[in-house]
Amino acid sequence: ALLLVGLLCGMLLRAQIPMPAPAQARSILITGGTVHVGDGKVIDEGAVGFRAGRIDYVGFAYGVKTTYDTVINVTGQHVYPGFILPDSPLGLVEIEQSRATVDKQDVGHFEPEVRAISAYKSDSRVTPTIRSNGVLLAQAAPRGLTIAGTSSVVQLDAWDNDGAIVKADDGVFMSWPAAYQRQGWWAEPGETDSEKKDERAKRLEELRQFFRKARAYAAEPKTAVTDARLEAMRGVFNGSKGLFIRADAAREITEAVQFSKTEGVKRPVIVGGYDAWRVADLLRDNKVDVVLRRTH
C-alpha cells in the first residue's frame, strides 16, 4: 500500500512539473486564423507552418505551396508569436514568503559578476503559468542596490539551465540613484534634504569611479589573473553586453544617458522609463532603447 501511494504521489508530482516538448517529428500547418506577424502586420485567414522546429511559412492560407503532415484549422482564433518577458525575476523567485527560494538579489552595491543564470530554476512551478499565457522567452534579471548583476535570456521549454539558455550574460543591470525622495505624513523622520542630496552625490561619484576603473580594465587584454567584478563589465564597453539602467523620472533618464555616453557604454537601455516620453528626442538622438514595465 505504501509503495502504491508513493507511486501515485510521484505520478502527481511529475504531472505538475513542466515537461519540455520532444523534437518535432512531423511538419505542422496552423491555418484559417488571424495571424499577427509581430511587426504590426496582421493577416486574415492566414497560415503558419513549421517543420524540424523551424517556422517555414507565414502568410495567407491560399499561398501554401507545400504539404504538411498535420493541418490544424483555427478559424475564428488568433495566432501570435511567442511573447518575450524582459527584466523578470522568473526562475529566481519561487515563494516570496520563503527566503530560501528567493535568489533575485545579492548583497553589496557593485556586483556585476553575480550571474542570474547560476540561480535560475528551469523547473520552477511558476513557469507553466507564464507559458500558458504565451510567454516563451524571458530575461532573468537580478535586483540589487546599484549594480545588481548580469542577466540572461532563457526559453521556458527546458529541462535544465543549459537547455534553457538562449543568450547567456546578455546585459548588466543597474539602478540609477533616485532624483527625488517621496515624503509625506507617513514618512519616518530621517535625513534632511541637504543630507539626502549629499548622499546621492556620493553615490553618483562612486558610480563614476567604478566605471572609470572598469573601462581602464577593459582596455587591457585579458590575462591569466582576472578580477571577476571588473571582467563582468568588459562587455559593457565593447558592446557584447547591454547596460540596462532602471530609471523612471525624466531627470534620472537624462542623467543615465549622459553618464553612459561619457563613460563609453556602447548599448545603454532604459528600463522602466515612466517619463521616457518627456525626453524622447534625447533617447532617439543617442539611439537608446527603452523597456517599459507594467504597460497595462
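Each residue is numbered by its place in its chain's sequence as written, counting from 1. Whole-chain, interface and lining totals are the exception, using all residues; otherwise, since this is a predicted model, local features are given only for residues with pLDDT of at least 70 and side-chain atom pairs are given and counted only at 80 or more. The basis for every side-chain value is the complete set of heavy atoms in the structure, and neither hydrogens nor water enter the calculation.

J.: What's the story with the pattern of salt bridges in this structure? I'm lost.
T.: Two side chains carrying opposite charge are able to pair once their charged atoms lie near each other. A pairing counts as a salt bridge when a side-chain nitrogen of Lys or Arg comes within 4 Å of a carboxyl oxygen of Asp or Glu. For the structure shown, the criterion picks out 20 salt bridges. The partner of Arg200 in a salt bridge is Glu255, with the nearest N and O atoms 2.6 Å apart. Taken together, the residues Arg200 in helix H5 (residues 193-219) and Glu255 in helix H8 (residues 250-263) connect sequence positions 55 residues apart. Each member of the pair Arg200 and Glu255 is classed as buried. When salt bridges that share partners are traced, they join Asp87, Arg143, Arg246 and Arg293 into one network. Segments assigned H or I by DSSP are reported as helices when at least four residues long, segments assigned E as strands when at least two residues long, and all are numbered from the N terminus. Burial classes follow relative accessibility: with a 1.4 Å probe on protein chains only, a residue under 20% of its type's maximum area counts as buried, one over 50% as exposed, and anything between as partly exposed.

J.: Where do I start with the sheet that holds strand S2 (residues 34-36) in this structure?
T.: Across a sheet, strands are paired by hydrogen bonds formed along the backbone, either parallel or antiparallel in direction. One open sheet holds the 3 strands; their spatial order is S3-S2-S7, and the pairing between them is mixed. Among the strands making up the open sheet, the edge pair consists of strand S3 (42-43) and strand S7 (78-79). In this sheet, S3 lies alongside S2 in antiparallel orientation, the contact comprising 2 bridges. Across the sheet, His36 pairs through a bridge with Val42, a residue of S3. For two strands to be treated as a pair, DSSP must find no fewer than two bridges joining them.

J.: Explain a negative patch on the surface here, please?
T.: Every patch collects residues that have over 30% relative accessible area and no salt bridge, joining them within 9 Å if they carry like charges and within 5 Å if they are nonpolar side chains (Val, Leu, Ile, Met, Phe, Trp, Tyr). Accessible surface area values rest on a Shrake-Rupley calculation with a 1.4 Å probe, where residue burial reflects the displayed protein chains alone. Only four residue types enter the charge count, namely Lys and Arg as positive and Asp and Glu as negative; His and the chain termini do not. Think of each charge as sitting on NZ of Lys, CZ of Arg, CG of Asp or CD of Glu. On the surface, Glu195, Asp198, Glu199 and Glu206 cluster together into a negatively charged patch. Along the chain, Asp198 falls in helix H5.

J.: For this particular structure, what's the right way to read the nonpolar core?
T.: Soluble globular proteins tend to pack their nonpolar side chains together in the buried interior. Only buried residues count toward a nonpolar core. Its members are Ala, Val, Leu, Ile, Met, Phe, Trp, Tyr and Cys residues joined through side-chain atoms within 4.5 Å. With 30 residues, the main nonpolar core has Trp176 and Phe211 as its most contacted residues. Among the secondary structure elements, those contributing two or more residues to this core are strand S11 (165-175), H5, helix H7 (234-238), strand S12 (242-247) and H8. Sort the elements by how many residues they give to this core and H5 lands first, with 7 residues. Contacts between residues were defined by any pair of non-hydrogen atoms, one from each residue, lying within 4.5 Å. Among all residues touching Phe211, those that are not within four sequence positions of it are Ile147, Met174, Met233, Phe237, Leu243, Phe259, Glu263 and Val265.

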